[in-house]
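# Observations on the model geometry
Chain by chain, the residues:
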Amino acid sequence: MSHKRIPKRKAAIAVGGVVALGAAAILLPSANASQDGAPDDAAAAPRTLKAGDASDLATRLAGTLGDAYAGAWYDGEDKRLVVNVVRGEGDMALKVRSAGAEVREVDNSMAELQAGAGTLKSEATIPGTSWAVDPRTNKILVTADSTVTGDKWDRLESTVESLGSGMATLKKSEGTFRTFVSGGDAIFAGGARCSLGFNVTAGDGSSAFLTAGHCAAAGDAWSDQQGGEPIATVDQALFPGDGDFALVRYDDPATEAPSEVNVGGQTVPIVQAAEATVGQQVFRMGSTTGLADGQVLGLDATVNYPEGTVTGLIQTDVCAEPGDSGGSLFTQDGLAIGLTSGGSGDCTVGGETFFQPVTTALEAVGATLGDGDGGGAAAGDQADGQDAGAEQDDAGGDQGVQEQSDMGSDRHSGLTRTH
């Protein structure tokens, strides 16, 4: 279902249908202690950081280090940011330490890794393959699904080998890379079913929501009930190409679309959009499989779907299934991270799932989260009151998520509207 772009329409707008998950433990928001007030004599020691703060610090250090920067990831166990610095750049390593991050010297520069990804694009753009830079190994992680066999596998393998020793790793996935459209209980159009991602405010101040771009290929008008009256209309969509996202406007101008994710019996307030960080714990909500969690594995991933190539995605080990497309990827403390695009496997055997970054989608369609300010002030207020006892919140939230995830797909007894 190739759907490059849908022309802009006059305002419409969406509903927040997400599935009831049944009785479940509370998904507690938390903010891990951030030691911004650490004394000068402790500046060389890695700071304890929230994942969101670690992402911000990584962005700042990337600009400061220039060519010496070779990626970063979040150590969720120790709650520290680890920054790769090209070997021999001692002065830059000192800057990283003084900023409160842990330093790791590596051999491959970001420019070399990006050049390797460029070679894969020109020589091995094969349906069923993907690649992304993995800062934890300082290599390109190349994945091939079960359809990549024979000459296609040989071509991919030889391309990876041509990059040189220590530049890339190649692994097989048992599943098949596909977009996760149809098969859920959420938003419906043309016989297809997808999941609502995040409610947003469009550039003209009207209410709208984000979902996957490939979902828009099923039709312009979307309903919160199968065969029901349309409640929202596609305004912009992109797939395949430089993303997989769509802006859908609610048809009723009076629609109130809160910035939250319904996880069944409770909601998680979404306070702002944020960049993903490798190693970060994330949660996915979808209309087929409900709530699932996992880690970010790679950024700026390229995925070669049967419908075409999509770039700039987030790679994770979070499971997903058909119908989860467009669903929310978020953090425990209310940061909007991504929209479900596709992947391989399912929530029984596991697999890889790729997500459209929310920040990129918002910028492309000219929308914002919440009332137009992205909820940044609310995020800060929330974090200030949660530093104490953050580890307890993490434990409680993880337990709650696991209990919800173990309940299986029989949770879909109804559709909860968010307005």
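Read on for a plain summary of the structure. Bear in mind that the values here come from a model prediction, so they are computed numbers and not experimental data.

This next bit is on the sheet that holds strand 3 (residues 80-86). Strand order across the open sheet formed by 3 strands is 2-3-4, with mixed pairing between neighbours. The strands lining the two open edges of the sheet, one partner per strand, are strand 2 (69-75) and strand 4 (102-106). Strand-to-strand twist across the sheet, computed as the mean angle between neighbouring axes with direction ignored, equals 25°. When strand 3 meets strand 4, the two strands line up parallel, connected through 5 bridges. Bridge pairing in strand 4 places V83 opposite V103.

Scanning the entire structure with this criterion turns up 2 disulfides. Shown here is the disulfide that connects C194 with C215, its sulfur atoms set 2.0 Å apart. Between C194 and C215 the sulfur-sulfur dihedral comes to about -95°; the bridge is accordingly left-handed. Here C215 lies in the loop between strand 12 (207-211) and strand 13 (221-222) and C194 lies in strand 10 (residues 192-194), a separation of 21 residues in the sequence. With a sulfur-sulfur separation of 2.0 Å, C319 is cross-linked through a disulfide to C347. Its S-S torsion of approximately 95° makes the covalent link between C319 and C347 right-handed. Of this pair, C319 sits in the loop between strand 21 (308-316) and strand 22 (328-330) while C347 sits in the loop between strand 23 (335-343) and strand 24 (353-357), and the two are 28 residues apart along the sequence. Relative accessible area serves as the criterion here: at 16%, C319 is assigned to the buried category. C347 sits in the partly exposed class, given a relative accessible area of 30%. Ordering the disulfide-forming cysteines of the protein chain by sequence position, one finds them joined as 1-2, 3-4.

Further remarks concern unusual backbone geometry. The peptide bond linking F239 to P240 adopts the cis configuration, its omega dihedral lying at -15°. Within the fold, P240 resides in the loop between strand 14 (232-238) and strand 15 (245-250). Positive phi outside glycine occurs at K79, with the angle close to 55°. Along the chain, K79 turns up in the loop between strand 2 and strand 3. Positive phi is not limited to glycine here, since N138 has a value of about 60°. When you line up the elements, N138 lands in the loop between strand 5 (129-134) and strand 6 (139-144).

If you trace the 6 strands from one edge of the open sheet to the other, you get 13-14-15-12-11-25, paired in antiparallel fashion. Edge positions in the open sheet fall to strand 13 and strand 25 (368-369), since each of these has one partner strand only. Bridging between strand 11 (residues 198-201) and strand 12 involves 4 bridges; their strand directions are antiparallel. Across the sheet, residue T201 finds its bridge partner in strand 12, namely S207.

Now for helix 2 (residues 90-98). Inspection of helix 2 places M92, A93 and V96 among the buried residues, and these make up the whole buried set. Seen along its axis, helix 2 keeps its buried residues to an arc of 105°; they face one direction. Exposed residues lying more than 90 degrees from the buried face of helix 2 are D91, L94 and S98. Packed against the buried residues of helix 2 are helix 1 (51-65), strand 3 and strand 4.

Glancing now at the packing of aromatic side chains. Following the criterion strictly, the structure yields 4 aromatic pairs and no others. Here the aromatic rings of F177 and F354 are separated by 5.6 Å at their centres, their planes lie at 90°, and the arrangement is edge-to-face. Taken together, the residues span a long stretch of sequence, with F177 in the loop between strand 7 (168-172) and strand 8 (178-179) and F354 in strand 24 at a distance of 177 residues. In this structure, F177 and F354 share a single accessibility class: buried. On the basis of an interplanar angle of 35° and a centroid distance of 6.1 Å, the ring pair of F283 and F330 is categorised as tilted. With F283 in strand 19 (residues 281-286) and F330 in strand 22, this residue pair connects regions lying 47 residues apart in the sequence.

The subject of this paragraph is the side chain of S341. Relative to the helices and strands, S341 is located in strand 23. Polar contacts involving the side chain of S341 include one to the side chain of Y305, which spans 2.9 Å.

Scoring rules and cut-offs
Residues numbered from 1 in each chain as written. Predicted model: local features only at pLDDT ≥ 70, side-chain atom pairs only at ≥ 80, totals over all residues. Heavy atoms only, no water. Pairing = 2+ DSSP bridges. Helix = DSSP H or I, 4+ residues; strand = E, 2+ residues; numbered from the N terminus. Axes fitted to C-alpha atoms, helices over the stretch in contact; angles between N-to-C directions. Disulfide = S-S within 2.5 Å. Buried < 20%, exposed > 50% of the residue type's maximum accessible area, 1.4 Å probe, protein only. Arc of directions from axis to C-beta. Contact = heavy atoms within 4.5 Å. Phe/Tyr/Trp six-rings, centres within 6.5 Å; stacked < 30°, edge-to-face > 60°. Polar contact = N/O pair within 3.5 Å; in protein donor to acceptor, adjacent residues only side chain to side chain.

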